[in-house]
Amino acid sequence: MFALVDCNNFYVSCERVFDPSLNGRPVVVLSNNDGCFIARSNEAKALGLPMGGPAFKYRDLLRKHRVAIYSANFPLYGDMSGRVMNTIGDLSPGIEPYSIDEAFLDLSGFGRIGLVDHCRMVRRTVSRGTGIPVSIGIAPTKTLAKLANRMAKKDPAHDGVCLLVDAPSARDAMGAMAVGQVWGIGSRHTAFLGRHGIGTALDLADAPEAWVRKHLHITGARVQAELNGRSCLPLELVRPRKQSICTSRSFGSPVTGLDALGEAVAHFATKCALKLRGENGVAGLVTVFACTSPFEEPAARYWGTRTVALSLPTQDTLAIVRTARAVLEDIFRPGFRYRKAGVILAEIAPAAGASQPLPLFVQEDASPTASVRLMQALDAVNSRYGPGALRVASDTASSWKQHQERLSPHYTTDWNDIIDIRP
DNA sequence: TCTGGGGTCCTAGGACCC
DNA sequence: TCTGGGGTCCTAGGACCC
């Protein structure tokens, strides 16, 4: 048996933990650059504010209903996520954190008796320990646990915990659920299935298997099997190493010059290298992209991207920044209003030290040991004095800064912000 | 004026190997 | 006249997730 624990309106709930006056009010959290809605309280959903909707199109509605608006505060949400995951992990034999606000649990060994009681206890403990409300779905496959979770959220009668244990109750639930709500069935497949008379999750479960395999491929076939109670997706207790690491941002206002773009790219490359060291990996490839807004006139649009191999796989900020800036110079075209840029690291391998094969023709002089020690010193300084206390000179946010006009304090990750909120 | 960011997996087709 | 079988790797594009 699997359980899926999912935090309710997670980012909004994080803000409410530290400002209880937000309870009962409509609240939204905006994406980076204060662009779109990425979290909404139930009250905000009831007003018709859509997930992903651009905030500027709803300005009147937001003002009229005095909706509380927040810029995304990812340091806060990430920290709160860690607290929720630790609390759940302490209460479960196996846990797979699936996203910032969700985790699958292994409930094997509980038998059928006591599953719901146990999950109610998990829910109470998370609420008491972190202040975050969660919903829990329990079922024999991950896909059905997702479905059960949705029911737990939708129907207050479940009081936050829904168990789908036998085929008849699963079929009832699937009959009442649109196929597009099923985990793994996105908008494209929903439209395709609709054209073939498949409208509910139950229709998909009962469709001919060969037909599903042919048109929805192996991933769709797995979804169908899981709906029918055959588990295809095991709990992944160890997180696999990342295959790519990306840092990208839209700019607060358009950027036209190579210098300003270079500052942004240096900043993104620096963040990528830090994430890479957090994974204890080295990267072999660096991709840089810079583009205009997709809402520009077609003639004013540009999408530049290029990937190069590092001469030696590395986790060194200086080497990665140097490479990324060189790539940027190559893809930069003057005369465009750049709206977004990013850096992607790939071919990530463990930083295994001695076991690492060396290339036949090494161009770099610096010994790996010196680089490792320099990065340790860099990370130690920034960990003690704050991100960016020690950085490459080109890493500056002077001209491409994002809009973050309604940012809440970093309540759990910055002493200065805690001092600021004292009365 | 204003529209996010970070990921994964799968398939088809081309090019290549013995 | 007649022309095999079994693979790998790479890339672009599509689809999905939160």
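Presented here is an overview of the structure given in this document.

Bringing the side chain of His118 into the picture now. Looking at where His118 falls in the secondary structure, it is placed in helix α5 (residues 115–130). The contact partners of His118, leaving out residues within four places of it in the chain, are Leu91, Leu107 and Phe110.

The three strands are arranged β3-β2-β4 in an open sheet whose pairing can be described as mixed. The strands lining the two open edges of the sheet, one partner per strand, are β3 (37–40) and β4 (68–71). Across the sheet, the mean angle separating the axes of adjacent strands is 25° when strand polarity is ignored. Strands β2 (27–30), β3 and β4 of the sheet are contacted by helix α1 (residues 10–18), whose axis makes an angle of about 110° with β2.

Once that is clear, we can look at helix α4 (residues 74–90). The terminal C-alpha atoms of α4 lie 24 Å apart, and with 17 residues this matches the ideal 24 Å at 1.5 Å per residue to within 8%. Of the positions making up α4, those classed as buried are Leu76, Tyr77, Met80, Ser81, Val84, Met85, Thr87 and Ile88. One face of α4 carries all of its buried residues, which in axial projection span an arc of 165°. Exposed side chains of α4 directed beyond 90 degrees from the buried face belong to Asn86 and Asp90.

This part is about the protein's contact with DNA strand B. Neighbouring DNA strand B are 25 residues, the closest being Gln243, Cys246, Ser248, Arg249 and Ser250. For DNA strand B, the fraction of protein-proximal atoms (within 4 Å) that sit in sugar or phosphate groups is 73%. At 2.5 Å from a phosphate oxygen of DNA strand B is found a main-chain nitrogen or oxygen belonging to Ser250. Between DNA strand B and Arg339, the relevant distance is 3.0 Å, taken from a phosphate oxygen to a side-chain nitrogen or oxygen of the residue. Those elements that provide at least two residues to the surface near DNA strand B are α10 (209–227), β9 (244–255) and β12 (338–346). Looking at the surface near DNA strand B, the element that brings in the most residues is β9, giving seven residues. Split by residue class, the surface near DNA strand B holds seven nonpolar, ten polar and eight charged.

Counted according to the given criterion, the structure contains 13 salt bridges. The salt bridge involving Glu209 is made with Arg230; its shortest N-O contact spans 3.4 Å. Of this pair, Glu209 sits in helix α10 while Arg230 sits in the loop between α10 and β9, placing them 21 residues apart in sequence. On the accessibility criterion, Arg230 (43% relative accessible area) is partly exposed. One salt-bridge network, in which partners are shared between bridges, spans Arg120, Arg123 and Asp159.

Spatial strand order, β5-β6-β1-β7-β8: five strands in an open sheet with mixed pairing. Either end of the sheet is taken by a strand with one partner, and the two such strands are β5 (94–99) and β8 (161–163). Each adjacent strand pair in this sheet contributes to an overall mean axis angle of 15°, direction not counted. Both strand β1 (residues 2–7) and strand β7 (residues 134–139) contribute to a ladder of six bridges, which runs antiparallel. Bridge pairing links Val5 to Ile136 in β7.

Calculation rules
- Residues numbered from 1 in each chain as written.
- Chains lettered and ligands numbered in written order.
- Predicted model: local features only at pLDDT ≥ 70, side-chain atom pairs only at ≥ 80, totals over all residues.
- Heavy atoms only, no water.
- Helix = DSSP H or I, 4+ residues; strand = E, 2+ residues; numbered from the N terminus.
- Contact = heavy atoms within 4.5 Å.
- Pairing = 2+ DSSP bridges.
- Axes fitted to C-alpha atoms, helices over the stretch in contact; angles between N-to-C directions.
- Expected span 1.5 Å × (residues − 1).
- Buried < 20%, exposed > 50% of the residue type's maximum accessible area, 1.4 Å probe, protein only.
- Arc of directions from axis to C-beta.
- Near = heavy atom within 4 Å.
- Polar contact = N/O pair within 3.5 Å; in protein donor to acceptor, adjacent residues only side chain to side chain.
- Nonpolar A, V, L, I, M, F, W, Y, C, P; charged D, E, K, R; others polar.
- Salt bridge = Lys/Arg side-chain N within 4 Å of Asp/Glu carboxyl O.

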